[in-house]
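Chain by chain, the residues:
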Amino acid sequence: MENTRTLTLPERLVILFSGFESQFGWLFFGFGMSFAWIFGMLSPLPDLFIRHDGTTTGIILAENSTSTSYVNGNEEQAYTYTYTMEGKKYEKTGHARPAAFQGGEQVTVRYSTEKPFRSKVKGLRNAPFPWITAVVFIFPLVGLLFIAFSLRINFKRLDLLRQGIFARGKRISKEPTQVTINKQTVYEYTFSFTANDGKSYQAKGSTHLTDLLEDEETERILYASTDPTYSVVYDTIANAPTLGTDGNFNPLPPSRYLVLVIPALSILVHGYVTFLLLNIL
């Protein structure tokens, strides 16, 4: 018979955002997105989100040197061009190789009919950095992969915390992995336990904090009543609550909620930046 234990919403969030993979992922995502916003906005990437549905004629006004260089070492030039829409004159700057355009040359300008100041000229890049700069987005993407991986695991653990059945498992193996955390080797432990159906099953858990799984002769195992192969070693659940004498969980101490700081800051800061950019572009 399944047990049903109660966890408040904040406690569930603590479980979901706990663990090395989760914290590393959110930290990597947060810092990665900071650089992605800076360099991404200085690349042609924003043009992908602007509909240039109008066409007019513009004139190249000037060619100026910049501090930006191509891969081959040639200095890149900044070209100022002008165009007029509905009686209003606009001046914009694009970037290209030296001698790509000449002063006084007429060019075709594509612009946004909703925001005429958003425009581009074929052969000119509306940013000081080339497309390759957008590669910085790979860093927040790596962070998201860690976050997705940790959430997949933690959702399962949360489900077992709420409805799983407890058993005692005896350690049958301890194997080093190729992973280290804080210069400590992560070990994979295997425990054997007997479920309510009288059959023997195995539960695996990994940690670099070996004392967690070596402080008792047997360790607590949580498994699903419908499928005992679906199990977890209790002490490997990061920030898992303690059990009270009534079989329910004791409230988490306030210090456990610190794991929510990095995810919350990442979501709030980059969510706000995304909101601003959507209204600017």
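Higher on the page you've got the structure.
**Here's the deal with the pairing of strand 10 (residues 227-233)**
The side chains of a regular strand alternate between the sheet's two faces. Of the pairings in the sheet, the one linking strand 9 (residues 218-224) to strand 10 comprises 4 bridges and is antiparallel in character. Within strand 10, the residue paired with Tyr 223 across the bridge is Ser 231. As consecutive antiparallel partners, strand 9 and strand 10 are separated by 2 residues.

**Here we look at the pattern of salt bridges**
All told, the structure shown has 3 salt bridges when counted by the stated rule. For Asp 53, the salt bridge goes to Arg 51, with nearest N and O atoms at 3.9 Å. Look at Asp 53 and you get partly exposed, because its relative accessible area is 38%. In this structure, Lys 174 and Glu 214 form a salt bridge, with 2.7 Å as the shortest nitrogen-oxygen distance. Pair noted here: Lys 174 is in strand 6 (residues 165-181) and Glu 214 is in the loop between strand 8 (200-207) and strand 9, with a separation of 40 residues, a long-range link.

**Observations concerning the environment of His 52**
Following the sequence through the fold, His 52 ends up in the loop between helix 2 (20-41) and strand 1 (54-69). Residue classification places His 52 among the buried positions, given a relative accessible area of 8%. Residue contacts for His 52: discarding those within four places in its chain leaves Asp 47, Arg 110, Tyr 111, Ser 112, Arg 118, Ser 119 and Lys 120.

**Description of the sheet that holds strand 8**
Strand order in the open sheet made by the 5 strands is 8-7-6-9-10, with antiparallel pairing throughout. Of all the strands in the sheet, just strand 8 and strand 10 have a single pairing partner and so form its edges. Neighbouring strand axes in the sheet, compared pairwise and without regard to direction, differ in orientation by 40° on average. Note: strand 6 against strand 9, 6 bridges, orientation antiparallel. Bridging across to strand 9, Gly 169 finds its partner in Glu 219.

**Things to note about the packing of helix 2 against helix 3 (residues 138-163)**
One way to put it is that helix 2 packs onto helix 3 with a least axis distance of 7 Å and a crossing angle of 155°. Regarding the angle of helix 2 to helix 3, the classification is roughly antiparallel. Our pair here, helix 2 against helix 3, has a crossing hand that is left-handed. Residues Glu 21, Ser 22, Phe 24, Gly 25, Trp 26, Phe 28, Phe 29, Gly 32, Met 33 and Ala 36 of helix 2 form the contact with helix 3, whose participating residues are Phe 139, Pro 140, Val 142, Gly 143, Leu 144, Phe 146, Ile 147, Phe 149 and Ser 150. Tallied by class, residues from the contact of helix 2 with helix 3 come to 13 nonpolar, 5 polar and 1 charged.

**Regarding the layout of surface pockets**
Gaps between atoms show up when a probe of the same size as a water molecule is rolled over them. Put simply, the largest pocket is a space of about 900 Å³. Broken down by secondary-structure element, the contributors of at least two residues to the lining of the largest pocket are helix 2, helix 3, strand 6, strand 8 and strand 10. At 8 residues, helix 3 tops the list of elements feeding residues into the lining of the largest pocket. Taken together, the residues of the lining of the largest pocket break down into 14 nonpolar, 14 polar and 6 charged.

**Looking at unusual backbone geometry**
For Ala 99, which is not a glycine, the phi torsion comes out positive at approximately 65°. Among the structural elements, Ala 99 can be located in the loop between strand 3 (88-96) and strand 4 (106-111). Judged by its relative accessible area of 64%, Ala 99 falls in the exposed class. Despite not being glycine, Asn 182 shows a phi value in the positive range, around 55°. With respect to the secondary-structure elements, Asn 182 resides in the loop between strand 6 and strand 7 (184-194).

**Considering the environment of Ile 267**
Tracing the chain through its elements places Ile 267 in helix 4 (residues 261-280). Taking the relative accessible area as the measure of exposure, Ile 267 reaches 46% and is therefore partly exposed. Note: C-alpha distance between Ile 267 and Pro 251 (16 residues apart in sequence) is 26 Å.

Thresholds, definitions, all that
Residues numbered from 1 in each chain as written. Predicted model: local features only at pLDDT ≥ 70, side-chain atom pairs only at ≥ 80, totals over all residues. Heavy atoms only, no water. Pairing = 2+ DSSP bridges. Helix = DSSP H or I, 4+ residues; strand = E, 2+ residues; numbered from the N terminus. Salt bridge = Lys/Arg side-chain N within 4 Å of Asp/Glu carboxyl O. Buried < 20%, exposed > 50% of the residue type's maximum accessible area, 1.4 Å probe, protein only. Contact = heavy atoms within 4.5 Å. Axes fitted to C-alpha atoms, helices over the stretch in contact; angles between N-to-C directions. Parallel < 35°, antiparallel > 145°, perpendicular 65-115°, else oblique. Left-handed = near helix turned anticlockwise from the far one by under 90°. Nonpolar A, V, L, I, M, F, W, Y, C, P; charged D, E, K, R; others polar. 1 Å grid on protein atoms, 1.4 Å probe; cavity = no way out; pocket = protein on both sides within 12 Å on 5 of 7 lines; lining within 4 Å. Points joined across faces, edges and corners; volume = space filled by probe spheres on them.

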